[in-house]
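Here is what each chain is made of, one letter per residue.
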Amino acid sequence: MNDQLSFRRYRDLKSHLKEKYGETVHRIPMNAGFGCPHRDAQSGLGGCIYCDSTGSGFSVDKSLSITQQIEKRIRELEDRGIRKFIAYFQAGSNTYGSLEKLEEIYRSVLIDGVVALDVSTRPDLVPDEVLALLDSFSSEVDVILELGLQSVNNSTLRRINRKHSLADFIDAVVRARKYKLELVAHVITNLPWDSTEDVIECARILSSLGVDGVKMHSLYVVKDSPLGQSGDLEFLSSITLDDFIFRTVEFLDHLDPGIVIHRLVSDPPREGVVFGNWGLPKIVILNEIQKRLVSENRYQGRKCSLGKCLTGKRDEWSRRFEESPDSSGRDAG
Ligand code: SF4
């Protein structure tokens, strides 16, 4: 990668973790088998239309116990010289259980080298007792709470069958803010039912709420999902890579530069994908986004004009992006 592309024009997670912990930190995804109240057969809710049977935890070997999953991965990473880890509860809704069960499972992964507990869940599944439980670990490790939002447009949320609204997400964030939790929002930037305006508004709402991080990806569809099963997939051809890049750049442009980008593009599962990432490896798409940012001289927070952005970290980060090696705005080629 040349110099122009080596400096990301957004606050990327890898650099943030290195700055915070003084060395490389690796996130270890785990599947604790929590399931999801939104997918359970007895709920009759059907789950989000893009959710596969693994609850988006396809990269995890769930035949292993939770402790085996993390210990195995730590051993592999230690062989590569990595010494600090984030225990990441990825699959399903990881606050779905009794307080006793949650406490036992969270505690079981706090082993040597783990510097943070990272729990991903739905915004309507974080009652105050669960937030207080998560907070109780914050004297030992950092605690990250990841909340699925996907879109700020309530019509889109209904269309993708999220079964929660924007207000539910805001309520969860406002309540979680009372604790020492790092908050990360999940967003899909190219949902075809969203407009570019919705994507920009999403960046503005997340900035004004003061979330700590955002995790993004493009819509992918696996056969084993309600959408994949529906046969109604013709509309997917209208979702182009160029539009995804355009919307992602717009999103970054309006997002507070103090917010850490935990992910811009994800890898869909290796098998059973009906639609995802236009058949391209993640790195190719990431580089295309970076090229667009450079060629148009855009960077995270460039258009963030909210009072909160102006009084927060915007100035510091805008300066960093503007002083970057690629700030001339030349085409990265
Ligand atoms: S909330 Fe998450 S785990 Fe539950 S159905 Fe939706 S995507 Fe799947």
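Quick note: structure is the one above.
The text that follows walks through the structure, step by step, so that each part is easy to find. Since this is a predicted model, take the numbers as computed values, not measurements.

1. Observations regarding the packing of helix α4 (residues 99-108) against helix α5 (residues 128-136)
One can describe the packing of α4 onto α5 by two numbers: an axis separation of 11 Å at closest approach and a directional angle of 25°. As summarised for this structure, α4 and α5 are arranged roughly parallel, according to the angle between their axes. Regarding α4 and α5, the two cross each other, and that crossing is right-handed. Note on element contacts: α5 touches α4 through Glu 129, Val 130 and Leu 133, opposite Leu 99, Leu 102 and Glu 103. For the contact of α4 with α5, the per-class residue count stands at four nonpolar, no polar and two charged.

2. As for the nonpolar core
The nonpolar side chains of a soluble globular protein tend to be buried with one another. Of all hydrophobic cores here, the largest spans 80 residues; its most connected members are Ala 87, Leu 145 and Val 214. Excluding anything up to four places from it in sequence, Leu 145 contacts Val 119, Leu 134, Ala 176, Leu 181 and Leu 183.

3. Remarks on the sheet that holds strand β3 (residues 114-121)
What the seven strands build is an open sheet, ordered β1-β2-β3-β4-β5-β6-β8; its pairing is parallel. The open sheet terminates on both sides in strands that have one partner only, identified here as β1 (25-30) and β8 (260-263). For this sheet, the mean angle separating the axes of adjacent strands, direction not counted, is 25°. In this sheet, strand β5 (residues 182-188) lies alongside strand β4 (residues 142-150) in parallel orientation, the contact comprising six bridges. Along β5, the bridge assignment pairs Ile 144 with Glu 182. Against the sheet, helix α2 (residues 13-21) contacts β1, β2 (84-89), β3 and β8, and its axis sits at roughly 120° relative to β8.

4. Thoughts on the packing of helix α10 (residues 241-254) against helix α11 (residues 282-295)
Relative to each other, α10 and α11 sit at 55°, their axes nearing to 10 Å. Here α11 runs oblique to α10, going by the angle between their axes. Handedness of the α10/α11 crossing: right-handed. Residue-level inspection shows Ile 245, Thr 248 and Val 249 of α10 in contact with α11, the latter providing Glu 288, Ile 289, Arg 292 and Leu 293. By residue class, the composition of the contact of α10 with α11 is four nonpolar, one polar and two charged.

The rules behind each value
- Residues numbered from 1 in each chain as written.
- Predicted model: local features only at pLDDT ≥ 70, side-chain atom pairs only at ≥ 80, totals over all residues.
- Axes fitted to C-alpha atoms, helices over the stretch in contact; angles between N-to-C directions.
- Helix = DSSP H or I, 4+ residues; strand = E, 2+ residues; numbered from the N terminus.
- Parallel < 35°, antiparallel > 145°, perpendicular 65-115°, else oblique.
- Left-handed = near helix turned anticlockwise from the far one by under 90°.
- Contact = placed C-beta atoms within 7 Å.
- Nonpolar A, V, L, I, M, F, W, Y, C, P; charged D, E, K, R; others polar.
- Core = buried A, V, L, I, M, F, W, Y, C linked by C-beta atoms within 7 Å.
- Buried ≥ 20, exposed ≤ 12 C-beta atoms within 10 Å, placed from the backbone.
- Pairing = 2+ DSSP bridges.

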